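# Chains, contacts and geometry: an overview
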Amino acid sequence: MSTAGEHRTDGRDGSRAGGRLPAGPAGPASPTGPTGPADPAGAAPRGLPGGVRATGAPRPAPRRTGAGAGAGAGAARDALALIAAPLVAALLLPAAFAGGGTRRWFGGGRAEGQRAQAQAAKDAAAAAFYELDTAQRDLRISIETIAAVDDSPAAQRAISDFEALGGRIDEVSHRYIEAVDAQDLDRVDLDASTASRARVDLTAAKDELKRVKRELDGFGESLGPLLGKAETQLARIAPAVERARQALRGAGGALDAVRASGLTADDLAARLAALAPELTKLNEGAGQHGATETLERAERVAREAEAVRSQAERLPERAAEIDHRLVSLRTRAQALTTRAGQVRPVLSELRRRFTAACWQDLQQVPEQADEAVRQAELKLAEAQAARDAQRWPDATSLLSTVRSLLNATDEAVSAAGDRLQRLNAVQKDPQQEIERTRFAIRDAQRLAMAGRNSPDPRHARPLDDSVARLNRAVATLEGRHPDYWHFLTETEAVRGTVAAVVARIREERGAGH
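### Things to note about the environment of glutamine 427
Summarising the element assignment, glutamine 427 is placed in helix α13 (residues 392–428). It is 7.0 Å that separates the C-alpha atoms of glutamine 427 and tyrosine 484, two residues lying 57 residues apart in sequence. Those residues in contact with glutamine 427 that lie beyond four places of it in its chain are Arg353, Phe354 and Tyr484. There is a polar contact of 2.8 Å between the side chain of glutamine 427 and the side chain of arginine 353.

And the structure:
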């Protein structure tokens, strides 16, 4: 019994000693049992297992026999296990927490290396993806520039080639995204083989991205001529559009100034308003309407707006000019009315002194003059009404009609007086008309013979015909009532033929023939 009690006491002491090992600072040793206080010399220091002396010599174990001895040995083993467990934990915990407590305790070195390589491959692939995306966006701007300007077959091929490249870019970008999404490199339980596989996939994606980037760069270099041509044309568009806008602003300002002076310019305002849709298209730009069409539209708008501005600035002067023309043409119409009344006495003298052939074509001049003057006065009234309504184009057109009517009437009225004057002169001295015509023929003959032994038949024949025609005209003057007007028209025709021959000779000699 005492042996069993002693075993229980030793077991309790061993358990207590083992339980105190991880405790705080060392203190007085606990009693070992009911037999009395433990020997200080034999007490186990802090951190040493029970039963071991401070000097390192083992404490003599009591001799055990029978069942009591077996029970004592089991208790001793339990005590040693309790003492060893904290020591093993103390050795393993620092290694476990050295990685922040998020990595595996065993085989972590290789996995971490693969993880780092995979992350580097991921970063490199991301950089390649960014470079490809940037290059594609930049090149798209160039393609849009070409498409806006050039519709040639070469430009169309470039656009289709870029679309095909875009398809390949989409494919490699999709594979890159799949490689990125395939593995989470920040996962705690990422093993080395998974990290290695992710690195391989990401590297392959990066290589594909760089390969397509090289293709894209080469394609961009091939666009140089097309892009240069497009940029040159686009460089002309901005100044042309700005000139059109300035012209429109100038036209609007000129119209405002005209209206402020009390004049209306409805026709000019309508023309300017018609340019508003064109300005809208200019503002929409060449990307929507094409560079060539935009450039032509800008130049057309600038021309029309400049014309509106110029006419608006001239409008006060134009109004004053129309007022002056109204007064002048009205005065002229009144004067023609007076002169037309003098045609009848002239015709009466022509009838009395000369044959009918000399005045028959003038018989209707008085009536025609009266009608023309009446029409001119009506048009003048309409022009005045248009001027009062400030319909400037209508007023200008009507005044032009009045002027034409008065010009024709003036010629007809003057013809009667001129006819009588010329017939009086030839009746008095026909020889003067004859000599005038013969002088023109001789002068042409001398020119035809200059530097030649014989004249050119092309020149001599019409001159000989002119001499014969003049002789026939002179012969008509014989008789009691000669046709002086026929004589005058014949001599005038001869002089015209001679002048044509002279002009042809001079032209041929000037050309070196």
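### Considerations on empty space enclosed by the protein
Enumeration over the complete set of coordinates arrives at 1 cavity of 30 Å³ or more. Approximately 30 Å³ is the volume attributed to the largest cavity. Every residue lining the largest cavity is listed: Lys122, Ala179, Val180, Gln183, Leu185, Ala198 and Leu202. Secondary structure elements with two or more residues in the lining of the largest cavity: α4 (153–182) and α5 (192–222). For the lining of the largest cavity, the per-class residue count stands at 5 nonpolar, 1 polar and 1 charged.

### Comments concerning the packing of helix α6 (residues 224–260) against helix α7 (residues 266–273)
As a packed pair, α6 and α7 sit with axes 11 Å apart at the nearest point and diverge in direction by 160 degrees. In this view, α6 runs roughly antiparallel relative to α7, as classed from their interaxial angle. As α6 runs across α7, the sense of the crossing is left-handed. Contact residues: Leu248, Ala251, Gly252, Leu255 and Arg259 in α6; Leu268, Ala269 and Leu272 in α7. Residue composition of the contact of α6 with α7, by class: 6 nonpolar, 1 polar and 1 charged.

### Structural notes on the pattern of salt bridges
Under the defined criterion, the tally for this structure stands at 30 salt bridges. We note a salt bridge from arginine 115 to glutamate 112, for which the minimum N-O separation is 3.4 Å. Linking arginine 115 with glutamate 112, this pair stays in helix α3 (residues 108–149), spanning 3 residues, or about one helical turn. Here arginine 115 falls in the buried class, since its relative accessible area comes to 8%. Given the relative accessible area of 30%, glutamate 112 is considered partly exposed. Sharing partners across several salt bridges, the network here consists of Glu278, Glu293, Arg297 and Arg300.

### Thoughts on the confidence of the model for the chain
Per-residue pLDDT for the chain averages 79, and the proportion of residues at 70 or more is 78%. Segment residues 1–107: pLDDT under 50, and 50 contacts once partners within four positions in sequence are set aside and those in other chains are kept.

### Some words on the layout of surface pockets
Quantified by volume, the second largest pocket comes out at close to 150 Å³. As for the second largest pocket, its lining consists of Arg422, Ala425, Val426, Asp429, Gln432, Glu433, Arg436 and Leu488. When residues of the lining of the second largest pocket are traced back to their parent elements, those giving at least two are α13 and α14 (430–449). Taken together, the residues of the lining of the second largest pocket sort by class into 3 nonpolar, 1 polar and 4 charged.

### What to know about the nonpolar core
Core analysis: the largest hydrophobic core is formed by 72 residues, its most contacted members being Phe219 and Leu255. The set of elements that each furnish at least two residues to this core consists of α3, α4, α5, α6, α7, α10 (291–340), α12 (365–388) and α13. In terms of residues, this core owes the most to one element, α10, which gives 15 residues. Ignoring anything within four residues of it in the chain, the contact list for phenylalanine 219 reads Leu139, Ile143, Ala158, Asp161, Phe162 and Leu165. Judged by nonpolar contacts, the second largest core, of 23 residues, contains Trp359, Val413, Ile434 and Ala473.

### What to know about the packing of α12 against α13
How two helices sit against one another is set out by the angle between their axes and by the gap between those axes. At a minimum axis separation of 8 Å, α12 and α13 run at an interaxial angle of 165 degrees. By the angle between their axes, α12 is roughly antiparallel relative to α13. Classified by chirality, the crossing of α13 by α12 is left-handed. Taking contact as the criterion, the partners of Val365, Ala369, Ala372, Val373, Gln375, Ala376, Lys379, Leu380, Glu382, Ala383, Ala386 and Arg387 in α12 are, on α13, Trp392, Asp394, Ala395, Leu398, Leu399, Thr401, Val402, Leu405, Leu406, Thr409, Ala412 and Val413. Here the contact of α12 with α13 is composed, by residue class, of 17 nonpolar, 3 polar and 4 charged.

Quick notes on the rules
The residue numbers shown here count from 1 along each chain, following its written sequence. Residues qualify for local features only when their pLDDT is at least 70, as the model is predicted, and side-chain atom pairs are given and counted only at 80 or more; totals for whole chains, interfaces and linings, by contrast, use all residues. Hydrogens and water are ignored here; the side-chain numbers use all heavy atoms of the structure. Secondary structure elements are taken from DSSP: a helix is a run of H or I of four residues or more, a strand is a run of E of two residues or more, and numbering for both begins at the N terminus. Every residue pair with non-hydrogen atoms within 4.5 Å of one another is taken to be in contact. Under this definition, polar contacts are N or O atom pairs within 3.5 Å; protein pairs additionally need one hydrogen-donor-capable and one acceptor-capable atom, and for neighbouring residues in sequence, both atoms have to be side-chain atoms. In the cavity and pocket records, a cavity denotes points on a 1 Å grid over the protein atoms alone where a 1.4 Å probe fits but cannot get out, a pocket denotes an open set with protein on both sides within 12 Å along at least 5 of 7 lines, and lining residues are residues with an atom within 4 Å of a point. Grid points are joined across faces, edges and corners, and a volume is the space filled by probe spheres set on the points. Note that Gly is not counted as nonpolar here; it falls among the polar residues with everything else outside the nonpolar set of Ala, Val, Leu, Ile, Met, Phe, Trp, Tyr, Cys and Pro and the charged set of Asp, Glu, Lys and Arg. Note on geometry: axes are C-alpha line fits, over the in-contact stretch for helices, and angles between N-to-C directions span 0 to 180 degrees. Here the word oblique covers every angle except those under 35 degrees (roughly parallel), over 145 (roughly antiparallel) and from 65 to 115 (roughly perpendicular). Left-handed describes a crossing in which the near helix is turned anticlockwise from the far one by less than a right angle; the clockwise case is right-handed. Basic side-chain nitrogens of Lys or Arg form a salt bridge, by our definition, when they fall within 4 Å of a carboxyl oxygen of Asp or Glu. Buried residues are those whose accessible area, probed at 1.4 Å on protein chains only, stays under 20% of the maximum for their type, while exposed residues exceed 50% and partly exposed ones sit between those limits. The predictor attaches a confidence to each residue, and that confidence, scored 0 to 100, is pLDDT. As used in this record, nonpolar core signifies buried Ala, Val, Leu, Ile, Met, Phe, Trp, Tyr and Cys residues forming a set joined through side-chain atoms within 4.5 Å.

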